[in-house]
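Working through the structure, step by step
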Amino acid sequence: MYNHTVARLTYRALLGRRRVLILIALPALLLTISLAVRLIGGSDDGAAVEVLGGFALASMVPLIGVVAGTGAIAPEIDDGSIVYLLAKPLPRRTIILTKLTVAIAVTVAFTTAPILVSGLILNGNSQGIASAYTVAAAVAAVAYSAIFLLLGTVSRNAVVFGLIYALVWEALLGSTLPGVRTLSVQQWSLSLAEGIAASGADVTSDVALPLALVLLVAATVLGTWYSIRRLTALTVTGDG
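Since the structure is predicted, the reported quantities are computational estimates derived from the model, not experimental observations.

Focus on the overall build of the chain
Across its full length, the chain carries 11 helices and 0 strands. N-terminal to C-terminal, the α/β element order of the chain is α-α-α-α-α-α-α-α-α-α-α. Scaling as 2.2 N^0.38, a compact globule of 240 residues should have a C-alpha radius of gyration of about 18 Å, and the chain matches this with 18 Å. The C-alpha extent of the chain, read off along each of the three principal axes, is 60 × 35 × 30 Å. Evaluated residue by residue, the chain yields a buried proportion of 48% over its 240 residues. Sequence separation of at least 24 residues holds for 76% of the intrachain contacts in the chain that already meet a minimum separation of 6. Counting only carbon and sulfur atoms, one obtains 68% of the accessible surface of the chain, whose full area is about 10,800 Å². Of the side chains in the chain, 14 bear a positive and 11 a negative charge, and the two mean positions are spaced by 18 Å.

Following this line, the structure appears as structure tokens:
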């Protein structure tokens, strides 16, 4: 179910010079914004919700998910080097589950810690806001990793489609259109944040928590299952 060699190669690919700069840049921007907001306006629960919900959970988490999820497998499929891995006596599900684990670990590492620190800067975790968004980011990271890993197995333009999904569907439409919110990972994870934060924190979601949990699990399981199917359909010559 987990292969250390595949994991090491995947970590090396994800944490290469170009990708790691992107992974660092977004959390650095979040921390910069948080410091500026705190210096200008002081401790404010509303500002914390706006920054952590409006930027961190709505934009930063899905964008890092795109980098980690697609980067875990899409480059190998695009350049054909995946055939060397497929030629090894490894079950395809082990390859996918290992790469998914790495993608989740990278996404969680580069999102949850910055969100927690930012929340502490903004309002010192008043009303549990920082904790709520940190847990929501961790849960969202799992679903995003599965979705974008799947995208990496089905399209040679995985990064482009992933960015469109993250920036348009999640960050823009998922934050504004009621109908879209029901089908947004952001809103599902935000429902969890709503349940954790204090009732006066003004953290709200359009999706009820039980439904949100079911949808998060379904997206993760179905994305992983279909990724395994897609990889199983590939041959060692790289032809689907």
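Notes on helix H6 (residues 92-123)
With 32 residues, H6 ought to run about 46 Å at 1.5 Å a step, and its terminal C-alpha atoms sit 46 Å apart, in line with that. Looking one or two residues beyond H6, the residue adopting positive phi is Gly124, at roughly 65°.

Description of the UniProt feature "transmembrane region" (unreviewed entry) in the chain
Mapped onto the present numbering, the UniProt feature "transmembrane region" (unreviewed entry) falls on residues 20-40, 52-74, 95-122, 128-151, 158-180 and 207-228. Between the first and last C-alpha atoms of residues 20-40 the distance is 30 Å; the span itself is 100% helix and 0% strand.

With respect to the pattern of salt bridges
Under the definition given, this model contains 2 salt bridges. A salt bridge links Glu76 to Lys99; its shortest N-O distance comes to 2.5 Å. Linking Glu76 in helix H4 (residues 74-79) with Lys99 in helix H6, this pair joins segments that are 23 residues apart in sequence. Overall, Glu76 belongs to the partly exposed group, its relative accessible area being 21%. Among the residues examined, Lys99 registers a relative accessible area of 2% and is labelled buried.

Calculation notes
Starting from 1, residues in each chain are numbered consecutively following that chain's sequence as written. Local features in this predicted model are restricted to residues of pLDDT 70 or higher, and side-chain atom pairs are both shown and tallied only at a pLDDT of 80 or more, whereas totals for entire chains, interfaces and linings draw on every residue. As a rule here, side-chain values come from all non-hydrogen atoms in the structure, and water together with hydrogens is ignored. Strands are runs of DSSP state E lasting at least 2 residues, helices are runs of H or I lasting at least 4, and numbering of each runs from the N terminus. Both definitions apply: the radius of gyration is a C-alpha atom measure, and the globule rule equals 2.2 Å times residues to the power 0.38. Each residue is assigned to one of three classes by its accessible area relative to the maximum for its type, calculated with a 1.4 Å probe on protein chains only: buried under 20%, partly exposed between the two thresholds, exposed over 50%. Two residues qualify as a contact provided that any one of their heavy atoms is within 4.5 Å of a heavy atom in the partner residue. Residue exposure ignores everything except the shown protein chains as possible cover, and the areas themselves are Shrake-Rupley values with a 1.4 Å probe. Here Asp and Glu are counted as negative and Lys and Arg as positive; His is not counted, and neither are the chain ends. By convention, the charge on Lys lies at NZ, on Arg at CZ, on Asp at CG and on Glu at CD. By this rule, a helix spans an expected 1.5 Å times one less than how many residues it contains. UniProt positions are given in the numbering used here, feature names are shortened, and annotations may be inferred rather than shown by experiment. Take a side-chain nitrogen of Lys or Arg and a carboxyl oxygen of Asp or Glu: if they are within 4 Å of each other, that pair is a salt bridge.

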